[in-house]
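Descriptive structure summary
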Amino acid sequence: SDFVLDGGIHINRSPLGRDFYVLTSAQQAKLKGDLRTRSFTTVNAALNTCEANRGDKIFLCEGYTETISSANQWSNVKAGVRIIGCGYGTMRPKLTWSAANATLLLSAANMTIENCQLELAGDPASVTALTVAAAITISADGVKLLANHFQVGVDADQIITIGVFVNGAKKVEIAGCVFIGATAAEITAAGTVVRITAADQFNFHD
């Protein structure tokens, strides 16, 4: 049956899909049985277990954090997989970019990232200069970013060049998201929070 997750995310249950969980090592240690076998401490490890277009979902547990530190960090992306953050407000899982070339390449059709905190310009508590070149690139059709909170600038030297790059994909949707940056972190003429190139039927709302 369908249900609504904290944060307003509506989950459609599939009789074919499997659920997987990503959580901290300390949280995982408390799990037993089948739930333990379906839990992981990184998103990419969970993606590796998913099957494309089966209706699989990956739930990121409350308080989970992951540092996005390398190019194509989620190299195991699979079509049709939903990555869903549990909780609300600051309890939602947080992904923090830490290197100029760090990227998520959403190159598998119909995948989603929902109800997460994405610190594209790095840790707001950091004092280290960082310019993230292209944090998220969407090149596959039907990808969705839903109800996420994006931080796109901390200060004058901790910022993004491109936050989300929609590159030649069809039916991409960004909905219910918040994009926020400090006044001192003004995006320059060369930079873009959301860049759209050769996209068809792109939907950006709420």
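Preceding block: the structure.
All figures in this text were calculated on a predicted structure; none of them were measured in a lab.

Looking at the pattern of salt bridges
Tallied over the entire structure, the rule returns six salt bridges. Residue aspartate 56 is joined to arginine 54 by a salt bridge in which the shortest nitrogen-to-oxygen separation is 2.7 Å. Considered together, aspartate 56 and arginine 54 belong to a single accessibility category, that of buried residues. We note a salt bridge from glutamate 173 to lysine 144, for which the minimum N-O separation is 2.6 Å. Taken together, the positions of glutamate 173 in strand β16 (residues 173-175) and lysine 144 in strand β13 (residues 144-146) put the pair 29 residues apart, joining distant regions of the chain. On the basis of relative accessibility, which here comes to 16%, the residue glutamate 173 falls in the buried class. Here the salt bridges do not stand alone but share partners, grouping Glu51, Arg54 and Asp56 into one network.

Concerning the nonpolar core
Among the nonpolar cores identified, the biggest contains 48 residues, and Ile58, Trp74, Trp97, Ile136 and Ile138 are the most heavily contacted of them. Those elements giving two or more residues to this core turn out to be β3 (19-22), α3 (43-49), β5 (57-60), β8 (94-97), β9 (104-106), β12 (130-138), β14 (149-155) and β15 (158-167). For this core, the element with the highest residue contribution is β12, accounting for five residues. In this structure, isoleucine 136 is in contact with Trp97, Leu104, Leu106, Leu118, Leu120, Phe150, Gly163, Val164 and Phe165, ignoring residues within four places of it in sequence.

Things to note about the packing of aromatic side chains
This model, assessed by the stated rule, comprises five aromatic pairs. With 6.3 Å between their ring centres and 55° between their planes, phenylalanine 20 and phenylalanine 40 make a pair best called tilted. Separated by 20 residues along the polypeptide, phenylalanine 20 in strand β3 and phenylalanine 40 in strand β4 (residues 39-40) bring together distant segments of the chain. Each of the two residues, phenylalanine 20 as well as phenylalanine 40, counts as buried. Ring centres of phenylalanine 150 and phenylalanine 179 lie 4.5 Å apart, and the angle between their planes is 5°; this geometry places the pair in the stacked category. Of this pair, phenylalanine 150 sits in strand β14 while phenylalanine 179 sits in strand β17 (residues 178-181), and the two are 29 residues apart along the sequence. Residue phenylalanine 150 is classed as buried on the basis of its relative accessible area, which comes to 0%.

As for the environment of alanine 46
Residue placement: alanine 46 occurs in helix α3. Classification of alanine 46 as buried rests on a relative accessible area of 0%. Apart from the residues within four sequence positions on either side, alanine 46 is in contact with Val22, Phe40 and Ile58.

Procedures and definitions
- Residues numbered from 1 in each chain as written.
- Predicted model: local features only at pLDDT ≥ 70, side-chain atom pairs only at ≥ 80, totals over all residues.
- Heavy atoms only, no water.
- Salt bridge = Lys/Arg side-chain N within 4 Å of Asp/Glu carboxyl O.
- Buried < 20%, exposed > 50% of the residue type's maximum accessible area, 1.4 Å probe, protein only.
- Helix = DSSP H or I, 4+ residues; strand = E, 2+ residues; numbered from the N terminus.
- Core = buried A, V, L, I, M, F, W, Y, C linked by side-chain atoms within 4.5 Å.
- Contact = heavy atoms within 4.5 Å.
- Phe/Tyr/Trp six-rings, centres within 6.5 Å; stacked < 30°, edge-to-face > 60°.

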